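Observations on chain architecture
Here's the letter readout for the chains.
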Amino acid sequence: MLSAQPAFDLVIDTGSPGKAISRDLVGIFFEDLNYAADGGLYAELIQNRSFEYGPLDHTDWNSFTSWDLVARSGKGSLVLDGAFPLHPNNPHYAVLEVTQPGEIAMVNAGFDGIPVQAGEKYDLTVFTRYLYTGGRWDAKKSSDTLPLIARLETREGVVLAEISFTVTTPDWTRFSASFAPSASCVDARLVLIARDRGGFAVDEVSLFPKNTFKGRANGLRADLAQTIADLKPRFMRFPGGCLVHGNGLPNFYRWKDTIGPVEQRRHQSNLWGYHQSVGLGYYEFFQFCEDLGALPLPVVPAAVSCQNSGHTGGTGQQCLPLADLPAYIQDLCDLIEWANGPASSPWGAKRAAAGHPAPFGLKLLGVGNEDHITPGFRERFRIIHDALREKHPEITLIGTAGPAPDGEDFEQGWKFANELKVAMVDEHYYKSPQWFWDNLARYDAYDRTKSKVYLGEYAAHDNKRRTTLRAALAEAAYLTSLERNGDIVTFASYAPLLAKRGHTQWNPNLIYFTNTGVFPTISYQVQRLFALNAGDHVLATSLKSRPESTAPADLAVSSVRDSHTGDLILKVVSAASEPLLVHLVFKGATILATTGSLTVLTATDPSVSSDFDHPDAVLPAQSTIPVSAAFDLRVPPHSLTILRLANP
Ligand code: AHR
């Protein structure tokens, strides 16, 4: 029941400009976890396109995972070879042989099927060459060509589209063509068919929808990328997470392995239990940042591996030998040149050759990801930090303070960062919704003379690691505290970003997806609302419970001003189960606006979740309300309320 009397007084000081805060507070954290890249955001539809899968990725995988040989008529075989690879970084390829003419097919099932739509186009590329024509040991070649047919088929074998190639050379050659499927199918197959006697080498079999995000070649899944773009992130951290420092030294994420032609990139296993084709690599990440209007924030290993390497659960940190450190630091300097150097510089030329002559404008670099603060880590971090600071003072370096909001690594990480005067420190925490409510004052006490904060990973985990309205509102409440402390907290990113149904190693995530659908969570709505309603100055705001009021005090508020538009934006988060009346006073300047735009995210049950069956369970509702210098604002139970006054 809503009492007729306001329970709170909320006074916003509109008379002074307020405190300058980061405009870039709300961004995203992309990690290839939960099939976020291959089978996810990366629009490639062929799984294991390079025959590089293996048991190190996943115990029961091999070079032909997701591929099948089907001898529809005739006789033949499909085997693996590596004698004459397309590129040393891509050492395996398939050999398709026909010993008795007929239809010998190699069939790819995609990532749980290949979704295709009638009316759309799909670009196929295949690298192939013939090994021999006729019989393998025939004294004389039967012909100089071999036909190869590519089809899109339904699971049952109904042909949706067909393309024929003639392979005319024993040298690796790239064939490409477009399919226009005659019908839609969520579970199609790509089928490569050999008919005549002979043998082919086949590698890098790729199928992309023409309709990628912004039409980029080697691009991103349009619907998923658009859902991310709708968040209006101010920055993007990539490529992880634990993926960055990897499962042991050989598994470091090395940026140089992820650029250049895709068939020349070095694949590697993903410590989350699958494979990285790195088709979505550094070039694509930077390109995506540009398309999003987001600052690129790459994170590189601090020359130590993940402490959980080798399934150790905390003691497996491996350190790069110190003798290798100069070369490693050079790699990082090369990254900066690749991103920012002129097209005439050696690494800038590679960026230009890939299609981006203009610099990408890298300003930020994370070094390390929640590493154990060991002597080995300290020694390497210090050397990397000092070298980069000297060579590239224009780059803001971000250090690391362990995987939790407190404890040994956190304390030691901060102490060490203060010693080195690291520009910014990356904090991570996954906690209960109540923890977030209990810690709204966390950054109020941070020393403003020390390093800035990047809250690189956070999420409220409700019971059984669910994302619920309760969790989303706890994140919203926390975001008000980050805005209040936006002079020291520069960036914050919810983690993780993406998860595919059936391939999820971590819960909860911001956006779930299937091959054909995208399912943003309630937390996604919160992130989006904060990004859309960001400001660059925070106004002094006081919230007081009236003495006579018995309403619970679980409210969090912030007021910001966006100096670009002049808009004033008030956010109120309530975890109360009753509606509340808040008496709002704009103090200090005349409020000329007579109406305000009100956005409310709420539901009656705080444990509600948006899921695959109820994607729209809780969506923001927008309305216009009358406003004046002082008026009563109704705050619904379990809600985030945003009041925006256009240039008041
Ligand atoms: O976000 C998932 C994982 O959580 C990240 O990889 C890691 O940094 C953290 O432990």
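Calculation rules
Residues numbered from 1 in each chain as written. Predicted model: local features only at pLDDT ≥ 70, side-chain atom pairs only at ≥ 80, totals over all residues. Heavy atoms only, no water. Core = buried A, V, L, I, M, F, W, Y, C linked by side-chain atoms within 4.5 Å. Buried < 20%, exposed > 50% of the residue type's maximum accessible area, 1.4 Å probe, protein only. Helix = DSSP H or I, 4+ residues; strand = E, 2+ residues; numbered from the N terminus. Domains from an automatic or database assignment. Contact = heavy atoms within 4.5 Å. Salt bridge = Lys/Arg side-chain N within 4 Å of Asp/Glu carboxyl O. Axes fitted to C-alpha atoms, helices over the stretch in contact; angles between N-to-C directions. Parallel < 35°, antiparallel > 145°, perpendicular 65-115°, else oblique. Left-handed = near helix turned anticlockwise from the far one by under 90°. Nonpolar A, V, L, I, M, F, W, Y, C, P; charged D, E, K, R; others polar.

**Considerations on the nonpolar core**
Judged by nonpolar contacts, the single largest core of 123 residues is most densely connected at Phe30, Leu41, Tyr282, Trp338, Leu498 and Leu640. Of the residues forming this core, the biggest block, 10 residues, is contributed by helix α9 (residues 469-484). A domain-level breakdown of this core finds at least three residues from each of domain 1 (8-19 + 537-645) and domain 2 (26-43 + 213-532). The contacts of tyrosine 282, once residues within four sequence positions are left out, are Phe238, Pro239, Tyr253, Trp255, Thr258, Ile259, Pro298, Val299, Val300, Leu335 and Trp338.

**Looking at the pattern of salt bridges**
Counted according to the given criterion, the structure contains 36 salt bridges. A salt bridge links arginine 23 to aspartate 536; its shortest N-O distance comes to 3.4 Å. Taken together, the positions of arginine 23 in the loop between β2 (19-20) and β3 (26-29) and aspartate 536 in the loop between α10 (522-532) and β25 (537-538) put the pair 513 residues apart, joining distant regions of the chain. On the basis of relative accessibility, which here comes to 24%, the residue arginine 23 falls in the partly exposed class. Arginine 382 is the salt-bridge partner of glutamate 419, the closest N and O atoms lying 3.1 Å from each other. Taken together, the positions of glutamate 419 in helix α7 (residues 408-420) and arginine 382 in helix α6 (residues 375-391) put the pair 37 residues apart, joining distant regions of the chain.

**A closer look at the packing of helix α4 (residues 325-340) against helix α5 (residues 346-353)**
Following both chains from N to C, one finds α4 and α5 inclined at 50°, their axes separated by 7 Å at the closest point. For the element pair α4 / α5, the angle class is oblique. Along this stretch, α4 crosses α5, giving a crossing that reads as right-handed. Facing Asp334, Glu337, Trp338, Ala339 and Asn340 of α4, the residues of α5 in contact are Pro346, Trp347, Gly348, Lys350 and Arg351. By residue class, the composition of the contact of α4 with α5 is four nonpolar, two polar and four charged.

Spatial relationships are all this shows, so hold off on functional conclusions.
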